[in-house]
Amino acid sequence: MTNTSNTTSDAVTAASAAFEAEFGRAADGVWSAPGRVNLIGEHTDYNEGFVLPFAIDRRTWAALGLRQDARARVTSTFSPEHVEIELRDVSPESLDSWSAYPLGIAWALGENGVDLDSKPGFDVHIHSDVPVGAGLSSSAAIECAVAVALDDSWQLGLDRPTLAKVGQLAENKAVGAPTGIMDQSASLLGRRDSAVFLDCRTLRSDVIDLGFAAADLQIVVIDTKVSHSHATGGYAARRASCEAGAAALGVESLRDVAVDDLDRARGLMDDETFRRVRHVVTENARVLATVRALRESGPLAIGELLDESHVSMRDDFEISVPELDLAVVTAREAGAIGARMTGGGFGGAAIALTPSHLVGAVTARVTDAFAAAGFTAPEVFVVTPSDGAKREL
Ligand code: ADP
Ligand code: MG
């Protein structure tokens, strides 16, 4: 396994060295924010429900230096493109490509009452080891790294829940992806060996002890390499189905629907919409059951809930793909105690809660099964629940 502390300090050094090479001066500081894995609670966030993500030991680093003028310049190891713009011109209309994520944060801070005209411009260089488009939220990692960097550098003193909303606004409006608040909350509020239990209606959050270390459990991520896009296609369609289901039931959001209401719901909508609704309603119940199990019995008790979550996403919400289903089934056969796809779906990654001594077996079995099925080789790696966004230098 990688040594996280060495990797982290190497990345900080790399980010500040790259900043110097790009901009010809030292950065004022380096900030970082992690990607996330959602343990359970999928497509519940925009239905004002419950989610239980954790921050992972894959991070994005933002080296930032303020400028004398009001320009903003961004570079990233992700792309050779350099983007430069006057701070006052930053808007959803003026932003495109990957720079909409970091620069969208500046715009969203403005929307949250920060007077951008009074703030100095900045140069920022982005460095990351969060895989892009794998369902681990590289997007929230870049947003949150830049959000904490600007919050500190501009001395805004905004609290983490506010920064999470800023990140979401940037992603919704500057990028144009209609995602919820989960990813930014995990990236900003996460803690070592813990998950963030988030009520997406009240935005109240609780840090929940996972106890993976004591139980000698690991989360194995199986990145299927099947890419997805949240800005288009299925994600928006699922969201629309949820809104249609809530409207048919006469409630503000599916958060207001209990498992016991499902029988009645069946008669009020078409079958497809009903199955979308049933996923969200039962998934909310599974998140609550997972939190209860972690508190009362520990992590060995949550395997079945992870399995049920996957079945619901596969059959009711229909957001899985054959690669994800194979990853889940094979990981379970190889000894994982529970497994599910994670993230928005249509590709991306699955997770398998695995006893440490079986990580090698799960990795080998899944890799072999993908080869036998003729699928692209997956990337299989362990993630460790880690601390949220912070200043590194
Ligand atoms: P995910 O969040 O699951 O990784 P998204 O499609 O939501 O996938 O976000 C990926 C996009 O975020 C990338 O295509 C790119 O535009 C942007 N992005 C992520 N990480 C970086 C980075 N290190 N540098 C520049 N842009 C990034
Ligand atoms: Mg994303």
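Residues numbered from 1 in each chain as written. Chains lettered and ligands numbered in written order. Predicted model: local features only at pLDDT ≥ 70, side-chain atom pairs only at ≥ 80, totals over all residues. Heavy atoms only, no water.

A. Fine view of the packing of aromatic side chains. Across all of its chains, the model carries 6 aromatic pairs by this definition. Aromatic side chains phenylalanine 122 and tryptophan 154 sit 5.8 Å apart centroid to centroid with 70° between the ring planes, which places their arrangement in the edge-to-face category. Here the residue phenylalanine 122 occupies a position in strand β5 (residues 122–128), and tryptophan 154 occupies one in the loop between α3 (138–153) and α4 (160–175), the gap between them amounting to 32 residues. Of the two residues examined, phenylalanine 122 and tryptophan 154, each falls in the buried class. Look at phenylalanine 370 and phenylalanine 375: their rings are 5.6 Å apart centre to centre, the planes differ by 75°, and that puts the pair in the edge-to-face class. Using a relative accessible area of 0% as the deciding quantity, one classes phenylalanine 370 as buried. Note on phenylalanine 375: relative accessible area 25%, which makes it partly exposed. Above the ring of phenylalanine 381, the side-chain terminus of arginine 58 is found at 4.3 Å from the ring centroid. (Phe/Tyr/Trp six-rings, centres within 6.5 Å; stacked < 30°, edge-to-face > 60°. Helix = DSSP H or I, 4+ residues; strand = E, 2+ residues; numbered from the N terminus. Buried < 20%, exposed > 50% of the residue type's maximum accessible area, 1.4 Å probe, protein only. Lys NZ or Arg CZ within 6 Å of the ring centre and 35° of its normal.)

B. Local environment of the side chain of serine 194. Structurally, serine 194 can be placed in strand β6 (residues 194–199). Judged by its relative accessible area of 9%, serine 194 is buried. Once residues lying within four places of it in the same chain are set aside, the contact partners of serine 194 are Phe54, Val207, Ile208, Asp209, Leu210 and Pro385. (Contact = heavy atoms within 4.5 Å.)

C. Structural context of the domain arrangement of the chain. Per the domain assignment, the segments of the chain are domain 1 (4–209) and domain 2 (217–383). Centre-to-centre, using C-alpha coordinates, domain 1 lies 26 Å away from domain 2. Each partner contributes to the interface: domain 1 provides 37 residues, whereas domain 2 provides 45 residues. For the pair domain 1 and domain 2, the two sides together bury roughly 3300 Å², of which 63% comes from carbon and sulfur. Three residues stand out in domain 1 for area buried against domain 2, namely Ile40, Glu42 and His43, and they jointly supply 19% of the buried area on that side. On inspection of domain 1 and its partner domain 2, the count reaches 4 salt bridges. A salt bridge links arginine 295 to aspartate 206, with the shortest nitrogen-to-oxygen separation between them at 3.7 Å. Our count for the contact surface shared by domain 1 and domain 2 stands at 18 residue pairs in polar contact (both at pLDDT 80 or more). Within the residue set of the side of domain 1 that touches domain 2, elements represented by two or more residues are β1 (29–40), β2 (50–66), β6 and β7 (205–209). (Domains from an automatic or database assignment. Buried area = accessible area lost by both parts, 1.4 Å probe. Salt bridge = Lys/Arg side-chain N within 4 Å of Asp/Glu carboxyl O. Polar contact = N/O pair within 3.5 Å; in protein donor to acceptor, adjacent residues only side chain to side chain.)

D. Representation of the site of ligand 1. Near ligand 1 you find 15 residues, and of these Ser76, Gly133, Ser137, Ser138 and Ser139 are the closest. Within the side chain of serine 139, one N or O atom sits 2.9 Å away from an oxygen atom of ligand 1. Protein contact buries 88% of the 570 Å² of open area that ligand 1 shows by itself. Every element with two or more residues in the shell around ligand 1 is listed here: β5 and α3. Tallying contributions element by element places α3 first for the shell around ligand 1, with 3 residues. The residue inventory of the shell around ligand 1, partitioned by class, reads 7 nonpolar, 8 polar and no charged. (Near = heavy atom within 4 Å. Areas by Shrake-Rupley, 256 points an atom, 1.4 Å probe, with all protein chains shown as cover. Nonpolar A, V, L, I, M, F, W, Y, C, P; charged D, E, K, R; others polar.)

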